[in-house]
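# Structural features, examined
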Amino acid sequence: MNLHALMRAFSIRLRMLGAIAVVLLLLALLGGAGMGGMLRIHAQSQSFVEQQHAAVTVLGQLRETLGQVRQAEKDMIIHYERTEQVRAAHARWEQAVDASVQLAERFGQTLAEDDQAAPRKLAEYLATYRQQFSLVARQLEAGAYDSATVANRMSERAVTQMAAVAQQMQELDKRLAQEEQAAVAEQKRTAEQTQWLFIAAVLLTLVVVVPLTLLNMQSICRPLE
């Protein structure tokens with residue numbers, strides 16, 4: 001039995017309904033390929049906004065508060081002979097350190113469990129810096145140092161910890177930049193996959209619809225002719 005005979009085994013009404021069903025199925029396939037790709041890209045974008053972008057934002061705020069810490073630290077040393085200004089700078093220093101610790105904790109919350117080592121190191125460096133410079137700050141308030149040079153020399157150990165904080169921040173910047181590049185590359189791959197799936201679905205639609213439509217047309221028209 002050839003294809004024309006097989007087609008004529010079914011009524012014209014049934015063949016038309018079958019053609020409609022096939023077209024709808026293929027349209028659903030086309031739409032599914034496009035919608036699936038869009039949903040994947042949206043999910044990746046949402047993940048980027050919630051994680052990488054949030055981490056970058058918090059890290060920027062942390063960098064700003066660390067700058068305030070260093071500025072208050074310098075103000076205490078520069079104005080070592082003015083007790084009131086030293087106390088005011090000390091209060092600003094305490095507030096900035098508190099904010100830095102809180103931001104370090106928030107930064108850790110933006111990362112996965114496997115990436116908590118870096119935020120923990122950052123928190124440890126900050127805690128050690130705070131402990132060491134607090135001793136210097138109290139001596140500055142009490143006017144125990146002969147000059148700013150002596151005060152600066154006594155704060156060197158604490159400043160070393162802050163240098164370690166700065167180095168850790170640079171490493172985190174590089175890491176976040178790499179993660180951002182990886183996220184962008186993943187979105188690009190998803191877009192390319194969606195494009196190829198859409199093209200494949202279009203080709204499948206043409207391969208199925210065109211031959212079947214021509215075959216159905218011939219099976220109807222030839223007997224009429």
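Residues numbered from 1 in each chain as written. Predicted model: local features only at pLDDT ≥ 70, side-chain atom pairs only at ≥ 80, totals over all residues. Heavy atoms only, no water.

Turning next to the nonpolar core. Judged by nonpolar contacts, the single largest core of 35 residues is most densely connected at M76, W93, F107, Y129, F133 and L140. For this core, the secondary structure elements donating two or more residues are α2 (12–78), α3 (83–109), α4 (117–141) and α6 (156–224). Looking at this core, the element that brings in the most residues is α2, giving nine residues. The residues touching M76, leaving out its near neighbours within four places in the chain, are V86, A89, H90, W93, F133, A137 and L140. (Core = buried A, V, L, I, M, F, W, Y, C linked by side-chain atoms within 4.5 Å. Buried < 20%, exposed > 50% of the residue type's maximum accessible area, 1.4 Å probe, protein only. Helix = DSSP H or I, 4+ residues; strand = E, 2+ residues; numbered from the N terminus. Contact = heavy atoms within 4.5 Å.)

Let us now look at α3. Over its 27 residues, α3 runs 39 Å from end to end, which matches the ideal 39 Å to within 8%, given 1.5 Å per residue. Among the residues making up α3, those that are buried are V86, A89, H90, W93, A96, V97, S100, L103, A104, F107 and G108. (Expected span 1.5 Å × (residues − 1).)

As a further point, take the packing of aromatic side chains. Under the counting rule described, the total for this entry stands at three aromatic pairs. Ring centres of W93 and F133 lie 5.3 Å apart, and the angle between their planes is 45°; this geometry places the pair in the tilted category. Of this pair, W93 sits in helix α3 while F133 sits in helix α4, and the two are 40 residues apart along the sequence. There is no split in this pair, since W93 and F133 are both buried. One aromatic cluster is present, formed by W93, Y129 and F133 through successive ring pairs. (Phe/Tyr/Trp six-rings, centres within 6.5 Å; stacked < 30°, edge-to-face > 60°.)

Before going further, it helps to examine the environment of G18. With respect to the element layout, G18 can be found in helix α2. Sequence-wise, G18 and L39 are 21 residues apart; in three dimensions their C-alpha atoms are separated by 31 Å.

Turning our eyes to something else, we now look at the environment of R63. Mapped onto the fold, R63 is located in helix α2. For R63 and M169, which are 106 residues apart along the polypeptide, the C-alpha to C-alpha distance reads 8.0 Å. When sequence neighbours within four positions are dropped, the list of residues in contact with R63 reads M169 and D173.

Bear in mind that shape data such as this cannot, by itself, settle questions of function.
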